[in-house]
Amino acid sequence: MSMIKLAFLNFKNSFKNYLALILSLAFTVLVLYNFQNLIDSQAFEVLGTRNRDYIEMLVQMVSFVLCCFMFFFIWYSTNVFLTGRKKEIGIYVFMGLSNEKIGKMYLMETIFIGLSSLILGLALGALSAGLFQLILLAISDITVEIRFRPGIRPMAFTTAAYGIVYMIFVVKGYVNIVKSSVLSMVSASRQNEYVRQNRMILFVKTVVGVGILCQGYFLALREGRIEVMVNALGAVVLVTAGVYLLFGGLIPLVIQFLAGRKRFLYKKQRILWMNSVIFRMKKNYRTYAMVSVLMLCSVTALATGFAMKGRYEGIIQFESTYTFQLLTGNGDLDGKAREAIEKENRIVLSAQIPILSLDSSYINAEMQNNRYAILSFSRLKQLAQETGMKLETEELAEDEVIRLSHLILMSFITKKTGIQVKIGGKTYRQVMDTDAPYLGYLQESIDFYVVNDREYERLLAMGEEMYTYNYRVGDLEKFPQTRDSLDRMIEGLGEEAHTGRVAIDPENNELDWIKVLYSICIFMFLVFILASGSIMFMKLYNDAFEEKERYLVMRKMGFDRQILRKSVEAELMAAYGMTFVVMAVSSFFSVKALGKMMRMDLTAVNVVSVAAVLGILAVWYLLSVWAYERNVGMERY
């Protein structure tokens with residue numbers, strides 16, 4: 001019998017055992033293909049060149065992340081597959097086959113698995129391409145024409161990316177087999193498994209791991225200016241390393257401590273599964289750490305999606321505070337502006353306030369801008385009352401200022417108070433940085449600082465006092481006519497009036513790419529949580545085969561099936577529970593840091609995200625219990 005035929009028979013006979021691996025790999029192919037097909041679909045052409053370019057850039061970034069994930073996922077899955085097969089491969093050596101021939105058989109068998117996953121993933125991707133676009137656009141709340149057209153370029157890109165990564169690890173496995181000894185292959189499935197770890201080593205890992213994790217949490221919550229980006233990167237690295245050491249040190253130490261307490265061990269049949277968890281931790285803790293980090297990524301991705309949605313709505317609301325704004329040196333223009341607007345529309349909100357325009361040479365701040373203006377505290381408070389906004393601060397001291405900023409998508413600058421600002425040769429202390437839209441869209445192009453009335457009068461001689469007139473209209477359908485009427489009024493004033501106009505078009509879609517971004521975040525949440533569930537399922541699925549003899553012995557000893565079932569449920573609950581608890585604790589800090597950068601309270605989002613992960617994880621847990629019982633032979637008991 002030829003090697004190809006033998007490999008195909010092995011693949012065919014073990015197809016049920018490979019099904020979880022094939023489906024998991026096919027899922028990664030499906031997601032990567034659909035994101036690439038999104039670029040070729042031309043669905044976003046109607047949103048304009050700028051939006052389309054932003055969206056294409058986002059999709060390519062996500063594709064890069066997916067390729068990185070595919071790399072590590074295939075690395076892990078092929079290692080699990082090879083370890084599970086080494087004992088069987090070792091038996092072929094006793095039958096007279098050389099390592100080279102066995103390696104070729106493994107090579108062809110894994111190629112069959114890879115081809116099955118690729119074909120299945122591309123087929124499902126092509127079938128679901130239209131549905132994927134429909135769901136993405138529905139979440140984004142964007143109305144465009146869906147073009148169902150599976151592309152050749154996305155298929156070629158996905159096939160090339162998957163094929164290159166997959167073949168790297170297939171060849172690695174082949175080399176591993178060729179260089180392995182018979183003894184190592186026969187005993188591979190038991191290596192490093194039933195080993196109780198040294199408590200001193202665990203203690204050292206615990207101290208180092210907890211220290212690194214706490215430092216990562218500290219950096220995540222630390223406020224700052226430019227250094228926040230470095231802190232965020234450091235937090236990611238430290239939390240990942242800390243979680244790894246936590247599963248390699250603290251958790252095994254705690255489990256061994258509990259197992260040493262007889263009152264705990266002999267209750268509720270814990271003795272049937274507790275030692276198995278202890279002995280397997282040395283082999284499995286890397287997998288648990290990887291799953292916990294992936295779940296943390298999924299929670300952060302979902303929280304980012306919700307935050308982006310809220311941020312987008314906030315930016316739109318911020319910019320739409322006023323429909324029209326006039327900036328002029330004329331202090332008596334309100335009557336003419338109202339008359340021009342009310343020819344075509346009705347005014348539902350209006351406010352005016354003088355501002356002091358200062359040259360940038362008079363301002364020395366950490367974040368330099370080309371345009372600065374000073375506001376009087378009492379006049380800003382009056383504007384806030386007229387527009388129904390809040391200004392929750394007491395009268396400013398002579399050395400205090402408030403900065404008016406605008407809403408942006410995300411900012412790494414989280415420190416907002418205690419900053420020194422020099423205005424007109426005098427140093428002030430910034431006591432507040434608010435993004436309340438007191439002056440609407442003007443806050444995006446001008447840096448406004450609020451001082452008390454006496455300081456405003458002192459600074460008048462250094463700049464030019466101008467006036468802003470702000471109006472919101474009630475009928476947005478008549479926006480073009482109202483804008484034209486206002487422009488005619490401004491033209492009638494002449495060039496010497498130096499009057500500028502801002503108009504916020506309600507049909508403007510320049511920020512629609514943000515809506516696609518938060519939709520992508522939700523899909524990334526699904527990718528990460530399904531990946532973490534797949535890894536846990538595959539690991540426990542593989543472990544079940546190695547536990548078959550232990551459960552066979554317990555059955556012969558007369559243990560009831562329900563007791564054994566509870567033992568399986570408790571053992572798997574411990575595995576899933578450890579990863580979930582570590583993720584839930586870490587997510588508090590990651591989402592808190594995200595909230596600081598987004599200037600939002602994301603506590604509710606964090607709770608919802610963790611609950612969503614728990615629900616999906618519960619499904620994976622039930623599937624794992626079913627597969628575990630089946631593989632240890634309990635369905636026949």
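Residues numbered from 1 in each chain as written. Predicted model: local features only at pLDDT ≥ 70, side-chain atom pairs only at ≥ 80, totals over all residues. Heavy atoms only, no water.

What follows covers the side chain of threonine 28. Along the chain, the position of threonine 28 falls in helix 2 (residues 15-40). Its relative accessible area of 7% is what places threonine 28 among the buried residues. A polar contact of 2.6 Å, which involves the side chain of threonine 28, links it to the backbone oxygen of leucine 25. In this structure threonine 28 touches Phe69, Met70 and Phe73, once residues within four positions along its chain are discounted. (Helix = DSSP H or I, 4+ residues; strand = E, 2+ residues; numbered from the N terminus. Buried < 20%, exposed > 50% of the residue type's maximum accessible area, 1.4 Å probe, protein only. Polar contact = N/O pair within 3.5 Å; in protein donor to acceptor, adjacent residues only side chain to side chain. Contact = heavy atoms within 4.5 Å.)

This next bit is on the packing of aromatic side chains. The full count for this structure, using the stated rule, is nine aromatic pairs. For the pair tyrosine 162 and tyrosine 166, a centre-to-centre distance of 5.5 Å together with 20 degrees between the ring planes defines the contact as stacked. Here tyrosine 162 and its partner tyrosine 166 are both found in helix 5 (residues 152-179), four residues apart, which amounts to about one turn of the helix. Neither residue differs from the other here; tyrosine 162 and tyrosine 166 are each classed as buried. (Phe/Tyr/Trp six-rings, centres within 6.5 Å; stacked < 30°, edge-to-face > 60°.)

Among the surface-exposed residues, Met200, Phe203, Val204, Val207 and Val208 lie close enough to one another that they form a single nonpolar patch of about 470 Å² accessible area. Overall, the relative accessible area of 41% leaves valine 208 in the partly exposed class. (Patch = residues over 30% accessible without salt bridge, like charges linked within 9 Å, V, L, I, M, F, W, Y side chains within 5 Å. Areas by Shrake-Rupley, 256 points an atom, 1.4 Å probe, with all protein chains shown as cover. Salt bridge = Lys/Arg side-chain N within 4 Å of Asp/Glu carboxyl O.)

Once that is clear, we can look at the side chain of threonine 387. Residue placement: threonine 387 occurs in helix 12 (residues 377-387). Of note is the side chain of threonine 387, whose polar atom sits 2.9 Å from the backbone oxygen of leucine 383. Within polar-contact distance, the side chain of threonine 387 engages the backbone oxygen of alanine 384 at 3.4 Å. Not counting residues within four places of it along the chain, the set of residues in contact with threonine 387 comprises Tyr322, Leu349 and Ala351.

Let's shift gears to helix 11 (residues 334-342). By the burial criterion, the buried members of helix 11 are Asp334, Ala337, Ala340 and Ile341. When helix 11 is viewed along its axis, its buried side chains cluster within an angular range of 130 degrees and face the same direction. Check the buried side of helix 11 and you find it contacts strand 1 (324-328), strand 2 (347-358), strand 9 (464-473) and helix 15 (479-493). (Arc of directions from axis to C-beta.)

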